[in-house]
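Notes for the structure review
Next come the chains, spelled out residue by residue.
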Amino acid sequence: MDADGAGIGPRDEEYSNDDENDPEAVENVEDGSLPGNSGPRITRPHTRLQQPGWLTDEFERLVKDSKRRDSEGLPPLYQQGLFWFPTRAPFFILRKNSHVDPHELYRPRFFLWDPLCFNDISCPNCRRPLTRQQHIPAPRRVVDINSTFWMIGYRYRCHHCPLANGRSVTFRSWNCQIMDKLPTQLTTEFPACLSHRSGISKGLFEFMRSCFQNGIGSKQFADMLWVQHLLAYSNVKIQYLLHVESRRESMDRWSGQKFANFKPFEDTGPTGRHGYTPSSNWLRDMYDSFLETHQQEINQHMSMLSGDICAIDHSHKVNCRNVLLRNSSKQSINSKVTKHIARVNGEQVFTGLLTVTNSLSEIRICNFVATKSHSQFVDALSRMRESLTLYGHKQPIIFYTDNMNDKQLLESTFPSLHNNVIPIEKYAHLPALNIPDDVQVFVKSGVQSINDAVSTILSEVPEDGSELVIGFDSEWNVEIGPQGFVRSSGPTAIVQMAFKKRVYILQVRRLLLLRECKL
Amino acid sequence: MVKTGSLPNQLELLLSNPHICKAGRSVNADLLALQKVCRKPAGSFCGAIDLARLAKERNIVTDISSTTLADLAALVLKRRLDKNTFLRTSESWENQSLNADQCLYAAKDVYASLMVYHEITKCYPLPSPLLATTPAMTPVLIYASNMEKVIASGTLSLQAHLTSFDGINITHKHALVDVQRIHTPGAKVKSHHKRTLKSFGDLPFVIVCERDQLRTYKPLPSQALPSNTTMTVVMNQPVKSRDSEFIHHQSQADFFDHESELDGLISVRESLSEDLSGPQLTTFSNVSHTETHSTSIEEPKPSRDQLADLDFAEKKLGPDKSSELKSDQSQWDHETHSRVLKDPWHLFHMIYLSASHSHRKQFTRELRDAFFIPNKYDYQRLNQWGAMQNPPQSYEKLRNTSPEWTRTRCRHTIPPPHILYPLVRKVFLTYGTIRDQTTKQILFPTDSQWNAARNILDLIQRGYVSDPPRVSLYTQLGIDQKSGLAIYRCARGTNATEEGVHTHIRQWLPKFGVSLRHVQASLLDFTIRHNLLVILLTSSWSFNR
């Protein structure tokens, strides 16, 4: 039913008086308040639908009404402090009239959007003021929680921009470039989230976000929405049928009055309801592009949180079932990680979800990890360390983990975790080994002093060829990789020797370096 | 640039002098590295004595590669050599001047090497062939027939006069040995018709050996046969029982029902959130927290079965390492042992128990009380408030009946490792083998519980569980209007009161096959939603609703 992205009922683009067919204007930019989001754009050669008369009649009436402007340029609706045209309830319609056609009860809600009344708006291209040209010839449909409302908009023209293809440059009043220029107090009143052709109300969109966050999928949500619309429509139908019944029982029984059928929700005839709800794909697409547009802000918000006591968690269970890719997106990502994959219904792409929370339980990092290797989240942790410094927070002092194997990785990413740590030694019960007072420790660095020191040992080599034993050790610099393994070890830096009651620490690295440089 | 650096000539002389033996751990590698820097031909620097090899030849250790200098210092010198990993792996050894810590570290290492060498050569002679006069009870090593590998160790038997044993004629070439430790369970004993050592059953047992394959040696003082010289770090993965003792007891474990119903299992973590009140059932050693010594069992006199159970539990839990921790248990420890800590709630998730076991709740209570010590002030406040209630309440009652409520109103501390370890070990010992009153099944019926218990003890011993000193984990959120008690938020691990995000995130993500794009968008949405709401969720306001 909705596999091709269409919803239930006629799509917007099927109306012949669609904005696209408006011959008078050229839109410079794609419409819609969410850039980058293009709804289902299916070009169909077949004849487009007419918007029904009950809608267009009301639309024309309201447009005409709105032409009467006062001295400030406000239409009567705005003078009353309203954005929404008042709608008569079916009850009053049925009460007044003995004979009512079903479509009279549809009572479409209209919203008037003409922000040029309140603000001068400059042309997004040339920054010179725009003027109102005329209303947009068809109302724009927006799907709400259990009904549909329609927006009346205006076309704003720039007289200064050069003509494109012989047409003047105009903008619809809900164009996102226009919306960007308006003060937030005003745009908050705008009730819709628009895609290229369709739109849903802001209230419905935010409700959808909550639904998604509580585990209701887009399919389920699309179904809920459809049912809500049907339910509201059925309630009107009941009102109508009860009215018809009461009329029949009274005088109409003799007059032979006929009553029209209440048409199905999706009927697209001239008196049909033209009921429509968007598909799950379209809804999900709206959701995804909304969050993609706000990704920067969300990440910024996260980066500014503190992190002195943190907890890191890898959930491996989360996505085994959840992240099963389908169709096109599958191939691109699959190819990289096929090794890890063995699933029945689809393929597992991520092996884990990494979350870091701070002491207030705020999420500091929330990332999918595609492979088991740690390098994946080393980046995330390093970014966290940098942002803590950037925003003046303390570096972590404690890190809780569900997997102690992270210890070295965390300690190497956050050096603050080393501060004043006395690890429990394996042999904590034994007394510490200390160098007795009668043993002398010498640190030698120059060639001469090393030679002098070593010759004191050489001089004690027995003449008879028997052996002499010294304690021997050396140290070198070690670079620890992010996973806690030794990444590289440098050349010998110091050599230590113990003999009798003397310990020599010989700094040989510098000598070796000196000679290297001479060459 | 060509690296042709050279060392001071006296130093080179010393390094290439075969009569000067360089004793240390992995000296060969040290010499090779120097040789390479100086571009000397292979074998120029010689005279290396690897202390681990030296120790292995004398059967002080069994494995060369896993033996560190610190192990040898502990075994031979009975001293702790602090290996500060941060210093050891630092990048400052090339600095012009070394700081005092570095010097001390470098000096200790080499001094310890020399001392270990002297001690080994002085006290542990190389294993030597048997003499005709070698007396009974002399410790001996049994080698494989190629004499390269020690397969077992024991003592010469007192029954030397026997002429035949187990159907084998004992000639002057043979000796009877009481085997006390098996090194290679799969090794075959030629004189016993190639039976494997494993097949002889429980230690100790007597076998006939060829005298050629025996060597006398000096064993380490018995107490210092720590399994941790060969033990590798085991964390979050099933413990493989390496010691032969464990292999022997596997069969005993088979006795218990392995196929315990999986759906009837509940983790200790889950138990901690439910009503834990219940009758105090008797255990053969009623645990009391005033006791300091963990393994001593007092009245009532345990029966033989109970002793066997205890013995079994001891073996399952592995060696008691409390002796390796600080001994003074009255002394609180103010050292930070690690700033990366195990999430305690996750720790409690490691053990799954049968939900219907009659002692499960009691075990959970005991375990909880070993871990969480109430703050004195909060404890008193809670009791003062409780005394005024009808019926009267107390901290002891409330923590069982309303664990979550109590946790937000009373701060707790997880004590330092040397105090926590013995307490927890004792709880495991007491309850691991406790039997259900009706089914008679023990509380830890399978290896998975025992392994979890062992891992938990290991984490505690390393100091990964105890609260860090001088870090304030609690924040007061406000005052509970009903009780007048302070309400706290705790930063320990994932927040206990709020269950943390980690467990929630699962149910908030889309359930079925969806696009990657959508999952990522949902995750982003989850994050911002959570971060904006969390302040509301954890504020005192939410407790006063």
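Below you will find a few notes about this structure. Remember, predicted model here, so these are calculated numbers, not experimental data.

**A look at the packing of helix 6 (residues 202–213) of chain A against helix 9 (residues 280–303) of chain A**
Residues and elements named next belong to chain A. Packing of helix 6 against helix 9 leaves a shortest axis separation of 11 Å and a crossing angle of 90°. By the angle between their directions, the pair helix 6 and helix 9 is classed as roughly perpendicular. Contact with helix 6, carried on its side by Phe 205, Met 208, Arg 209, Phe 212 and Gln 213, involves Leu 283, Arg 284, Met 286, Tyr 287 and Phe 290 of helix 9 and no other residues of that element.

**Remarks on the sheet that holds strand 3 (residues 128–129) of chain B**
Two modes of strand pairing occur in sheets, parallel and antiparallel, and in both the strands are linked by backbone hydrogen bonds. Residues and elements named next belong to chain B. With antiparallel pairing, six strands are arranged side by side in an open sheet as 3-12-4-5-8-11. Pairing within the sheet leaves two strands with one partner each, and these edge strands are strand 3 and strand 11 (205–210). Across six bridges, strand 8 (residues 174–182) lies against strand 11 in antiparallel orientation. Directly across from Leu 176, in strand 11, lies its bridge partner Val 208.

**Some remarks on the pattern of salt bridges**
Residues and elements named next belong to chain B. Evaluation of the coordinates by the stated rule reveals 28 salt bridges over all chains. Arg 435 is the salt-bridge partner of Asp 309, the closest N and O atoms lying 3.3 Å from each other. A residue pair is termed long-range when its members are at least 10 positions apart, and Asp 309 in helix 9 (residues 304–317) and Arg 435 in the loop between helix 15 (417–432) and helix 16 (447–461) qualify at 126 residues. Among the residues examined, Asp 309 registers a relative accessible area of 13% and is labelled buried.

**Focus on the packing of helix 11 (residues 360–371) of chain B against helix 15 of chain B**
When two helices pack together, you describe them by how their axes are tilted relative to each other and by the distance separating the axes. Residues and elements named next belong to chain B. Here helix 11 crosses helix 15 at 170°, and the two axes come no closer than 9 Å. If you check the angle between helix 11 and helix 15, you find them roughly antiparallel. Here Gln 362, Phe 363, Glu 366, Leu 367, Ala 370 and Phe 371 of helix 11 lie close against helix 15, whose contacting residues are Leu 420, Leu 423, Val 424, Val 427, Phe 428 and Tyr 431. Broken down by class, the residue content of the contact of helix 11 with helix 15 amounts to ten nonpolar, one polar and one charged.

**What about the pairing of strand 1 (residues 20–24) of chain B?**
Burial within strand 1 of chain B is extensive, with five of its five residues counted as buried. Of the crossover connections in this fold, the one passing from strand 1 of chain B over helix 2 (residues 27–37) of chain B to the parallel strand 2 (residues 48–50) of chain B is right-handed.

Criteria and cut-off values
Residues numbered from 1 in each chain as written. Chains lettered and ligands numbered in written order. Predicted model: local features only at pLDDT ≥ 70, side-chain atom pairs only at ≥ 80, totals over all residues. Heavy atoms only, no water. Axes fitted to C-alpha atoms, helices over the stretch in contact; angles between N-to-C directions. Helix = DSSP H or I, 4+ residues; strand = E, 2+ residues; numbered from the N terminus. Parallel < 35°, antiparallel > 145°, perpendicular 65-115°, else oblique. Contact = heavy atoms within 4.5 Å. Pairing = 2+ DSSP bridges. Salt bridge = Lys/Arg side-chain N within 4 Å of Asp/Glu carboxyl O. Buried < 20%, exposed > 50% of the residue type's maximum accessible area, 1.4 Å probe, protein only. Nonpolar A, V, L, I, M, F, W, Y, C, P; charged D, E, K, R; others polar. Right-handed = clockwise from strand over helix to strand, strands pointing away.

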